[in-house]
Amino acid sequence: MIDRRALVGRHAVEVTSVLPESPLSVGNGELCYTADVTGLQTFPGLHPVDDPEGPGTLLATMASWGWHSVPGPYDLAATTRTYRTPRGPVPYVDMADITRPSPAQAWLRANPHRLDLARIGLVAAGGRALEPEDVSGARQRLDLWTGVLTGAYRLRGTPFQVVTACHPERDVLAFRIESPRLDGVAVRLAFPYGSQAWGNAADWSRPQAHSSVLRPSADGFTVARRLDGTAYEVAVTLTGGRVAQAGPHEYLITFDGTAAELVVAFHPSGPAGGKTSFGEVVAASERHWERFWSTGGAVDLSGSHDERAPELERRVVLSQYLTAIHCAGSTPPAETGLMANSWRGRFHLEMHWWHAAHFPLWGRPELLERSLGWYAAILPRARGTATAQGCPGARWPKQVGPDGRESPSPIGPFLVWQQPHPIYLAELVRRAIGTRRAVALYGDLVLETAAFMAAFAVKGPGGYGLGPPLVPAQESYADVRADAADPAFELAYWAWALETAQRWRRLLGLAPEPSWAEVAAGMAAPLVRDGVYAAMDAPPYTVRDDHPSMLYALGFVPPTRIVDPGVMRATLRDVLGDWNWESTWGWDYPAIAMTAARLGEPDLAVDALLMPVAKNTYLPNGHNRQSPGLPVYLPGNGGLLAAVALMARGWDGGPPAPGFPASWTVRHEGLHRLP
């Protein structure tokens, strides 16, 4: 049996200086708070998100429900264009030039956007900003076993201790600040307007555009917030402090004595409910995280002699924590989770698998189920898209907010590889929670998805194909979307998903659907050129940047009749030979590892998972960094966990630990096999 407390404990994150790219967070999947070395959000400028539209910060307070839209009259009808398809003319939401959007396109891409709910940081008494050089001797620790962030430092020579925690079931933050000179500082609570910038969740330049109303109470105060159609309340309970308004959207909390406690509760529609204390929040966090780590999956690599094993184990442990606080909410997550905005906080449904498929594989299916149910909420909109394009069922969008409305783009509305995801995700949940419950909850989701998929495929000389128009998972072909067709990955994914949906029909007590069977059995085989799979069966066939998505037709996708393992092995070696790795994304490395594992190439699987390239960087806080503009990339973390599950536990009928060389010692428990 794995000593889980020791496993988790050896990867607690400790910080002794400001790490601009790597601040620490506490959260519960619905609410997340990211702090700097002071345990609060004192120096947001030290943790930037690069964005030419207006720099953002990694020190945000975000919730799954925290969205905002600026007023705008536009709808998608203003952005549609008709394309020729094998089924006749079909309208698509489009965008001719992403650098020069029309007013309608710009508004529809930027609204709704995720909102930074509050900035909670230290200032000097009187409200003057502190300087980074005021802090010395810092030592901060994120205890993963309890989910509590503790820190000690000197502020202008005076010792301070700060504890930061998040309630596991309520959108509540708790802070305890101790110092012999607590009267020398204040906590500044400030509220921004929503930002339409790509990577910035806060606009501090428009105080007249929103309102903050202070309501004192016996043990603290409440601030009622309104931004256009967005309203929420923030209730603060104080022990040893008092509040004064310092500006239209700014409040200073000052303290008596040498210790103070603040409990900050967020609620999207009215009062936040019953109050709780700092101690109760910390105790709840400790119980929750001990239960989290004590159940579900665990992988211990400490017996391995490969010098890379400790780093892989660190990434695995921290990725479990990060995906639990960022990717386990009631909607699919943004690629930067609840830490900062990217694509304005909107989520990408083609990434949902990479964020959350690992939850059932690691024995925590309920964390995926929270967001899997969201598809039912947008089903009418997805049906409408399918109907407009001449198909039954539901066509799922790509880049969306909680309303599920597609975004104008020369790429997103033409992607199709997100279509089978609900089937794959539902199947993983079924294998974890049992058939009866799963088919009752997700049967309609599977059937609606498959109905569109079967109708979207068109019979041609080589079998059933996909597109045009189309953009493959490898988005390099956006400029030829009007002619792109039959991408290798999507062909295999279509065949596997339709066969899986047909099994769900039987589980639901329904007769097989002949058209699904015909399409699944008749999918065209991917194009082979020079002995390897091409990205798609249309010019330019393969370009060697972005995702090497042809590899994922066997690995991510279980074996199908249309993919030859020998050709795929040659394709794997071809890609590893000279791909443009700087153009890839963080989830490509676990995806390549999955392909290598399925092909019986464990050395290549480990090498891919730990490839020393920029896009495969994992920071001290565990986040997968891509670039200054995308400093957090959670599909990499989630993909890593899915790949390790495959590599350690394997798949139906496969060998044990198929993705690790015999020289590795891999101890695991609580993992589930993949299909």
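Counting from 1, residues in each chain are numbered in the order their sequence is written. This being a predicted model, a pLDDT of at least 70 is required before a residue's local features are given, and a value of 80 or more before pairs of side-chain atoms are given or counted; all residues contribute to the totals for chains, interfaces and linings. As a rule here, side-chain values come from all non-hydrogen atoms in the structure, and water together with hydrogens is ignored.

Participant: A description of the overall build of the chain should follow, citing residues and the corresponding values.
Facilitator: Across its full length, the chain carries 17 helices and 32 strands. Here the C-alpha radius of gyration of the chain, 25 Å, is about what a compact globule of 675 residues would show, namely 26 Å. Based on the C-alpha atoms only, the size of the chain along its principal axes is roughly 80 × 60 × 50 Å. The cut-offs for exposure are 20% and 50% of the maximum accessible area for each residue type, with area from a 1.4 Å probe on protein chains only; residues under the lower value are buried, those over the upper are exposed, and the others partly exposed. Within the chain, the fraction of its 675 residues that count as buried is 63%. Residue contacts are defined here by distance: any two heavy atoms, one from each residue, within 4.5 Å place the two residues in contact. The contacts in the chain between residues at least 6 apart in sequence include a share of 72% that link residues at least 24 apart. Per-residue accessibility takes into account occlusion by the displayed protein chains alone, with areas from the Shrake-Rupley method and a 1.4 Å probe. As displayed, the chain offers around 22,900 Å² of accessible surface, 53% of which is attributable to carbon and sulfur atoms. Of note, the chain has its 59 positive side-chain charges centred 4 Å away from the centre of its 66 negative side-chain charges. Only runs of H or I of at least four residues qualify as helices and only runs of E of at least two qualify as strands under DSSP, and these elements are numbered from the N terminus. It is over C-alpha atoms that the radius of gyration is taken, and the globule rule equals 2.2 Å times the number of residues to the power 0.38. Residues scored as charged are limited to Lys and Arg (positive) and Asp and Glu (negative), so that His and the chain ends carry no count. Where a charge lies is defined by one atom per residue type, namely NZ (Lys), CZ (Arg), CG (Asp) and CD (Glu).

Participant: A description of the side chain of glutamine 320 should follow, citing residues and the corresponding values.
Facilitator: Counting through the fold element by element, glutamine 320 comes out in helix α4 (residues 309–326). Here glutamine 320 falls in the buried class, since its relative accessible area comes to 5%.

Participant: Describe the sheet that holds strand β2 (residues 24–27), with residues and values.
Facilitator: Two strands form a pair only when DSSP identifies at least two bridges running between them. Read from one edge of the open sheet, three strands run β2-β3-β6, paired in antiparallel fashion. Where the open sheet ends on each side, the last strands, each with one partner, are β2 and β6 (61–63). For this sheet, the mean inter-axis angle between neighbouring strands, taken without regard to orientation, is 20°. Pairing analysis gives three bridges linking strand β3 (residues 31–35) to β6, with the strands arranged antiparallel. To get an axis, fit a line to the C-alpha atoms, keeping to the stretch in contact for a helix; angles then go from 0 to 180 degrees between the N-to-C directions.

Participant: So what's going on with the packing of aromatic side chains? Which residues, and what values?
Facilitator: Here is the rule: rings of Phe, Tyr and Trp (six-membered ring for Trp) pair when centre to centre is within 6.5 Å. Planes less than 30 degrees apart are stacked, more than 60 are edge-to-face, and the remainder are tilted. Going through the model one piece at a time under the given rule, you end up with 39 aromatic pairs. Where tryptophan 289 meets tryptophan 293, the ring centres are 6.4 Å apart and the plane angle is 35°; that geometry is what we call tilted. A residue pair is termed a helical-turn pair when its members lie 3 or 4 positions apart in one helix, as tryptophan 289 and tryptophan 293 do in helix α3 (residues 278–294) at four residues. When sorted by exposure, tryptophan 289 lands in the same class as tryptophan 293, which is buried. Chaining the aromatic ring pairs together yields one cluster made of Trp353, Trp354, Trp417, Tyr424, Phe489, Tyr493, Trp496, Tyr552, Phe556 and Trp587.

Participant: Can you explain the pattern of salt bridges? Please cite residues and give values.
Facilitator: Salt bridges are identified by distance alone: a Lys or Arg side-chain nitrogen within 4 Å of an Asp or Glu carboxyl oxygen. Enumeration according to the criterion identifies 34 salt bridges in this entry. We note a salt bridge from arginine 315 to glutamate 311, for which the minimum N-O separation is 2.7 Å. With arginine 315 and glutamate 311 both in helix α4 and four residues apart, the pair spans about one turn of that helix. Residues arginine 405 and aspartate 403 are paired through a salt bridge, measuring 4.0 Å at the closest nitrogen-oxygen approach. Assessed through its relative accessible area of 8%, arginine 405 is described here as buried. Look at aspartate 403 and you get partly exposed, because its relative accessible area is 31%. When salt bridges with common partners are traced through the structure, they connect Arg10, Asp300, Glu313 and Arg667 into a single cluster.

Participant: Tell me what's going on with helix α16 (residues 602–609), and back it up with residues and numbers.
Facilitator: Among the eight residues in α16, six count as buried, and that is most of the element. Of all the residues in α16, the buried ones are Pro602, Leu604, Ala605, Val606, Ala608 and Leu609. Of the surrounding secondary structure, the elements contacted by the buried residues of α16 are α4, α14 (565–578), α15 (588–598) and α17 (634–649).

Participant: Which residues make up the packing of helix α11 (residues 435–456) against helix α12 (residues 488–507), and what values do they have?
Facilitator: Look at α11 against α12: their axes get within 9 Å of each other, and the N-to-C directions meet at 135°. Here α12 runs oblique to α11, going by the angle between their axes. Note that α11 runs across α12; the crossing there is left-handed. For the pair formed by α11 and α12, the contact residues are Thr435, Ala438, Val439, Tyr442, Gly443, Val446, Leu447, Ala450, Met453, Ala454 and Phe456 on the first element and Trp494, Ala497, Leu498, Ala501, Trp504, Arg505 and Leu507 on the second. Each residue receives one of three labels: charged for Asp, Glu, Lys and Arg, nonpolar for Ala, Val, Leu, Ile, Met, Phe, Trp, Tyr, Cys and Pro, and polar for the others, Gly being one of them. Counted by class, the contact of α11 with α12 contains 15 nonpolar, two polar and one charged residues. Roughly parallel here means an angle under 35 degrees, roughly antiparallel means over 145, roughly perpendicular means 65 to 115, and every remaining angle is called oblique. If you view the pair so one helix is near and one far, a crossing is left-handed when the near helix is turned anticlockwise from the far one by less than a right angle, and right-handed when it is turned clockwise.

Participant: I'd love a proper account of the pairing of strand β14 (residues 158–166), names of residues and values included.
Facilitator: Across seven bridges, the pairing between strand β13 (residues 148–155) and β14 is antiparallel. When the bridges of β14 are listed, threonine 150 appears paired with valine 163. Taking the residues that link successive antiparallel strands as the turn, the β13-β14 hairpin has two residues, and the phi of arginine 156 there is positive, at about 55°. Here β14 folds back onto strand β15 (residues 172–178), and the loop between the two strands holds five residues.

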